[in-house]
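# Structure assessment
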Amino acid sequence: MDKKVSAVLDQLTLEQKAALVSGKNMWFTAAVDAVDISAIMMTDGPAGLRKQIPKGGETLSVNASVKAISYPSAALVASTFDRSLARDLGQHLGEEAQAENISLLLGPGVNIKRSPLGGRNFEYYSEDPLVAGEIGTAYINGLHDTGVGATVKHFAANNRENHRFTNSSDMDERTLREIYLAPFERIIKQAHPEAVMASYNKINGVLNVQNERLLTDILRQEWGFTGVVMSDWMAVADHVASLQAGLDLEMPGKGDASTSEIVDAVKAGTITDEQLDLSAGRVLAMVVSLLDKKSAQVPYDRGKHHEFARKLADGGIVLLQNKDHVLPLKSGKSVAFVGAMADQPRYQGSGSSHVTPDHVVSALEAAKQSDLDVQFASGYELSKTAIDEELEKQAIELAQHADQVVVFVGYRDDDESEGFDKTNLSLPENQTHLIQSLAQHVAHISVVLANGSVVEMPWRDQVDAIVETYLAGEAVGEATIDILTGHVNPSGKLAETFPVKLTDTPSYGTFDRSNEHERYHEGIFVGYRYYDLHRQAVAFPFGFGLSYTMFELSDLVIGDWQEDNLKVTVTVKNTGSVDGSAVPQLYISNLVSPVEKPVRELRQFDNVAISAGESKTVTFTLHARDFSWYDADSMTWQADNGLYEIAVGSSSRDLPLTKQLTIKHFASQPLVVNMDTYLNVLLANETTKSVLMQMFGEQLAQFTSQDDASAADQQMLFNTPLRALVAGGFPVTAVQAFIDQSNAALKK
C-alpha cells in the first residue's frame, strides 16, 4: 500500500473505514472530511455519459440524465476493429467526464456475446475474447490519457439478463479461462483499470460478489490486479461475506446500515482489522489517485465531439451485401426512403447505457442536407408490430416512382434492453412484411439496419444491399448518409457471426431455459468457433464486411522465434479505384493438440488505411500465449510443440493465405508414466520407447509378428494402457518396474 494512503488510513476510525467500503448517494464514494478526502463521482459511460444528479434526495429514473454526446454502442465500436478509434473514444469521454466533474466511468463492458438472444449484447464488443480485450484496452487507455478512471465489467460470465441476480453460469474451467475470463485478463494486464465490477450472477453456484476464487485467487493473485473491486448495483446479498471474498466497494450502498454491518463484523471478529484495512485502503488509494488527476471543469466542444461520434460510426458501419454495386447511391437519381426509422432513428441501447443527447440527426434530415433527391414514406408505425396496409401501400407507390429505394428497419427499444433477454431474432412483423412486399414491386432495394445485435434476414436474397449500422449514436443519420452516398468507404467488420436462423446458434434450446442454472454445454465452441467446427452455413461470418474497393492479400511470411515473439508479415494491396481501409485478420489452427480445439482462432488483427492502387506491409506479432490452451488439470496455460497452420484473410471464412509450420519452441510438458499411460504414447516418446522395447520388446514382437495379426489388431494393442497388459497376464511387478525405470529416464 502506498505510504501516503497508509498514513491517511492510520488516522481513520473504524466507522470511517467501514464507510469507505460502501457507496454513497448512488454515484459517489464516501467522503472523509476529517482527513480532507472528498468523494468522487462515477457514472455509466460505455457509449456516453449518463450523469444523474439526485433531486430532493431522490434518484432520477434510469433514463433521466444530463445532456451528453451519444456515441455508437460497443457493438459498433468493435466493428471498427480499430484500436486507435477506440482509444479516441476513451479520450473524448474522458474530456467530457472531466468537464462534468466525474472521476470514474463504469465501462467498458467486455462480456462475450455467447447467444444473440442476450438482451444487453449491444453494450458488449464481441463473441471473440481477443477483440473484446483489445478494443476494451484501447478504450481504457484513452480514458487514462485524460486522467479519468475506468471500471471493466461485468466480471464475469454475465451473458444473460433474465434472473441475472441469482442465475448460475455453469461451465468447465477451460471454457471459463479461454473464453469468458480472457478479455478481462488481457485488460487487467495491459490497461490496468482502476476498478473491476463484479457481476450479479453466480459461476458454478457461487455468487460472483462472494467468489473468493474469482475476486482474490484469480484476479489479484494470478493476474496482479491492485485496484478496487466493486459490486454491480444492488448485487451484494451479504456485505460481510463479499468483503471477506475480496469485494472492496458495495454499490450503491445502504447508507448507515452498510457501515454498521461492517463495524459489527469487525467487533465480532468476523472481519479482521487487516481485511477491512485492505479494502478500505484500496478504495482510498483509488480516490486519492483520481482526485490528483482531476482537471478544471472546462466545457468541451460539443460540435467537435458530435463530429467524432460521426467519424466513429463511419468506421464501424458494416456493408453486408451489395449486389450489382447498387451502393453507393447514384447522384442525380431520385431516392425513396421507406421506413419510420429513417425519420425516428434508434441510435442507442436502453438501460444503464442510455444517454440524453441534445442533437440527434436522422437519416432523413441528413439526406435533405445533402444533394440527394429524397422522398419519404413511413411504411409502418414504429410503436406497433401489426401490419398497416395503408402505410405499406403508400410506401410501395412512392418506391415505384423512385430510381433508388432504401428501407430503414431495426429492433425497437422494447425489443432489446438491459434487464431482459430476447426470445427471437426477428424484426417486428410489420417491418419484415414491408421489405418483402416492396421486393415484389420494386427492383434494387437497399436495407439499412438499426439494431443492437444479430437479426434474422429471411428477405436477404430479395434485396440487393444491406447496411448494418447497429446503434450508431446521435450522428447516426449523418454516418448512414456518408456510407450510402460513398462519402465514406465502409470498412466495418462483424465482431459477431450472423447465423441464418436462431436454431443454428450454439446455445439454441438451452439458453435461458432454467431460472437457476445457465449451462454452457457448448464449452469453448462459441460464435465462429462453433460454426466453423460444424461447417454450419451462416448468413454473414465473423470478421466479414464489404468495401467499395477491393483488397488483395499476398506474401505471407512467417519469421523465426525471437525470444517469445514470432513475426508474421503480409502485404495488402488496394486493387480498386477508391481509397479505403482493410482489416486483415490472422487465425491460428492447432493441428497437434491432444485436446479438442476450434478449427481456427483469431489471434491478431489490424486496421490499415490504403490509398487506391497502393500496397502496405502489415506485421503481426505472436506470442506463446497465442498458441496456448488452458490445461485445467495442471491449472496452467499449455502450448504444444508440433504442427500449426497460420491463415490470414478478411473473415473467419475467407482466408486466402495459409502456411503450416512446425514449432519446437515451447517447453515440452513432462511425460509421467503410470498404469493409465497408453502404449502408443510410450512408443511416440523416444525415451519410453527405448525402455519399453528393452523390457517388453520380445513379447510385443511375438504378437505383432503372428501370421494372423492384422494392422487393426496392432492398432488395438497399442491403443491400450499399461494396466491392460496387467489384466492380460503381464506380471504387475514387471509393469511397475517399467513405470519406475521410464520415469527415472524421463527425469534425466
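All values derive from a computational prediction rather than experimental measurement. (Residues numbered from 1 in each chain as written. Predicted model: local features only at pLDDT ≥ 70, side-chain atom pairs only at ≥ 80, totals over all residues. Heavy atoms only, no water.)

Looking only at helices and strands, the chain features 22 helices and 28 strands. Radius of gyration (C-alpha) of the chain: 29 Å, near the 27 Å computed for a compact globule of 748 residues. With the C-alpha coordinates of the chain rotated into their principal frame, the extents come out at 90 × 70 × 50 Å. Looking at the chain as a whole, 60% of its 748 residues are labelled buried. Here the analysis covers contacts within the chain between residues at least 6 apart in sequence; of these, 76% occur between residues at least 24 apart. Summed over its atoms, the accessible surface of the chain is roughly 29,200 Å², and 48% of this surface lies on carbon and sulfur atoms. Counting 62 positive and 98 negative side-chain charges, the chain places the averaged centre of each group 2 Å from the other. (Helix = DSSP H or I, 4+ residues; strand = E, 2+ residues; numbered from the N terminus. Rg over C-alpha atoms; globule rule 2.2 N^0.38 Å. Buried < 20%, exposed > 50% of the residue type's maximum accessible area, 1.4 Å probe, protein only. Contact = heavy atoms within 4.5 Å. Areas by Shrake-Rupley, 256 points an atom, 1.4 Å probe, with all protein chains shown as cover. Lys, Arg positive; Asp, Glu negative; His and termini not counted. Charge placed at Lys NZ, Arg CZ, Asp CG, Glu CD.)

Our focus in this paragraph is the sheet that holds strand E4 (residues 168-170). Pairing in this open sheet of four strands is mixed, and the strands run E7-E6-E4-E16 from one edge to the other. Both edges of this open sheet fall to strand E7 (206-207) and strand E16 (517-519), since each of them pairs with a single strand only. Sheet topology note: the strand E6 (residues 202-203)/E7 ladder contains two bridges and is antiparallel. Pairing of Lys202 across the sheet is with Leu207, part of E7. (Pairing = 2+ DSSP bridges.)

Next up on the list: helix H1 (residues 3-10). Listed as buried for H1 are Val5, Val8 and Leu9. Looking down the long axis of H1, one finds its buried residues gathered within 100° of arc, a one-sided arrangement. Seen from the buried face of H1, the exposed residues on the opposite side, beyond 90 degrees, are Lys3 and Asp10. (Arc of directions from axis to C-beta.)

All chains considered together, the criterion is met by 44 salt bridges. Of the charged contacts, one joins Arg177 and Glu222 as a salt bridge, the two residues approaching to 2.8 Å between their closest N and O atoms. With Arg177 in helix H6 (residues 173-180) and Glu222 in helix H8 (residues 212-222), this pair connects stretches of sequence that are 45 residues apart. The class of Glu222 is partly exposed, set by a relative accessible area of 41%. (Salt bridge = Lys/Arg side-chain N within 4 Å of Asp/Glu carboxyl O.)

Purely geometric numbers; function is a separate question.
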